[in-house]
Amino acid sequence: FDRRDADVSVIWNPSGATRLEARLSSTQVDYDQDPARDISGATGSLTWDFAPTGRTNFTTTLFRDTGAAATFQQLGTAGGGSLADSSQLSTGLRFGVNYALTAKIAATVNLGYQNRDYAGSLGGSEDITNLGLGLNWEATRAVTVGCSIAQENRDSTTPLSFSYRATTTLCTARVLLR
């Protein structure tokens, strides 16, 4: 496929507690093998970060993009579900809260909804909702460990996937060499 985008991005910090990031794109995607999947139109995202206190941070993201690009909207979230997205167009909303329980322990909660539209020879759509909870412990400046649990529900009308409900757990350890 060939993809062309013209992007306009804005980052605005109206106060010390608020940050807004917006991207508006004119997107053109042309597929050689399945022209029914072609896209021509507006895509983009809007993210609002709000930190009312030094311990609490809220992040809300609204996005509309091609499936491959929407995949990156899910990275980095505790308990954030599906990573692969081969849909023609994805529209979603993600909300997360990070709360510092102590100076070294942080709790996270993430909620998400995503609609994936499939075009072309198979068609259909998916609606995905997820909820994730996590804890991270910064043992030292260089070592962080954490665990999360997530519930994901997918309703599918495309033959490319199936409906399911899954609970996942993830534990990580990070060692940073400085």
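One can find the structure itself at the top, above this paragraph.
Residues numbered from 1 in each chain as written. Predicted model: local features only at pLDDT ≥ 70, side-chain atom pairs only at ≥ 80, totals over all residues. Heavy atoms only, no water.

**Observations concerning the overall build of the protein**
Rule in force here: Numbering of helices and strands starts at the N terminus; helices are DSSP runs of H or I of at least 4 residues and strands are runs of E of at least 2. Burial classification: accessible surface area is computed with a 1.4 Å probe over protein chains only, and a residue below 20% of its type maximum counts as buried, one above 50% as exposed, and the rest as partly exposed. All accessible areas in this document rest on Shrake-Rupley with a 1.4 Å probe, and a residue is counted as covered only by the protein chains that are shown.
Check the secondary structure of the protein and you find one helix and nine strands. Relative to its 178 residues, the protein shows a buried fraction of 31%. When the accessible surface of the protein is summed, it comes to about 10400 Å², and 61% of that surface belongs to carbon and sulfur atoms.

**What to know about the pattern of salt bridges**
Test applied: Only one rule defines a salt bridge in this text: a Lys or Arg side-chain nitrogen within 4 Å of an Asp or Glu carboxyl oxygen.
Applying the stated criterion to the full structure yields seven salt bridges. Close ionic contact of Arg116 with Glu126 constitutes a salt bridge, the shortest N to O distance being 3.2 Å. Linking Arg116 in strand 6 (residues 105-117) with Glu126 in strand 7 (residues 125-138), this pair joins segments that are ten residues apart in sequence. The same class applies to Arg116 and to Glu126, which are both buried. One salt bridge in this structure joins Arg154 and Glu126, with 3.4 Å as the shortest N-O distance. Placement of Arg154 in strand 8 (residues 143-156) and of Glu126 in strand 7 is noted, with a sequence separation of 28 residues between them. Each member of the pair, Arg154 together with Glu126, is buried. Because the salt bridges share partners, they merge into one network encompassing Arg3, Asp5, Arg23 and Asp65.

**Points about the packing of aromatic side chains**
Worth spelling out the cut-off: Note on ring pairs: Phe, Tyr and Trp rings are taken, using the six-membered ring of Trp, and paired if centres are within 6.5 Å. Classes follow the plane angle, with under 30 degrees stacked, over 60 edge-to-face and the rest tilted. Look at NZ for Lys and CZ for Arg. If either is within 6 Å of the ring centre and within 35 degrees of the ring normal, a charge sits over the ring.
Across all of its chains, the model carries four aromatic pairs by this definition. Ring centres of Trp48 and Phe50 lie 5.5 Å apart, and the angle between their planes is 20°; on these two criteria the pair is classed as stacked. Residue classification places Trp48 among the partly exposed residues on the basis of a relative accessible area of 39%. Measuring from ring centre to ring centre gives 5.8 Å for Phe162 and Tyr164, while their planes differ by 55°; the resulting arrangement is tilted. Owing to a relative accessible area of 55%, Phe162 belongs among the exposed residues under this scheme. Among the aromatic residues, those joined into a cluster by ring pairs are Trp48, Phe50, Phe58 and Phe95. The ring of Phe162 has Arg154 sitting right over it, with the charged end atom 5.4 Å from the ring centre.

**Focus on the sheet that holds strand 3 (residues 39-50)**
Put simply, the rule reads: Think of it this way: DSSP has to see at least two bridges between two strands before they count as a pair. To obtain an axis, a line is fitted to C-alpha atoms, over the contacting stretch when the element is a helix, and the angle between two such axes runs from 0 to 180 degrees between their N-to-C directions.
Judged by pairing direction, the sheet is antiparallel, and its nine strands sit side by side in the order 1-2-3-4-5-6-7-8-9 without closing on themselves. What marks the edges here is a single partner per strand, and that holds for strand 1 (2-15) and strand 9 (164-175). Each strand axis lies, on average, 10° off the axis of its neighbour in the sheet, ignoring direction. Pairing between strand 6 and strand 7: 13 bridges, direction antiparallel. Paired with Ala107 across the two strands is Leu135, which belongs to strand 7.

**Here we look at the pairing of strand 2 (residues 18-30)**
When a strand is regular, its side chains alternate between the sheet's two faces. Examined bridge by bridge, strand 1 and strand 2 share twelve bridges and lie antiparallel to one another. The residue bridging Ala6 from the neighbouring strand is Ser26, located in strand 2. Between the end of strand 1 and the start of strand 2, which pair antiparallel, lie two residues. Summarising the sheet, strand 2 and strand 3 pair through twelve bridges and their orientation is antiparallel. Within the sheet, the bridge partner assigned to Thr27 lies in strand 3 and is Gly41.

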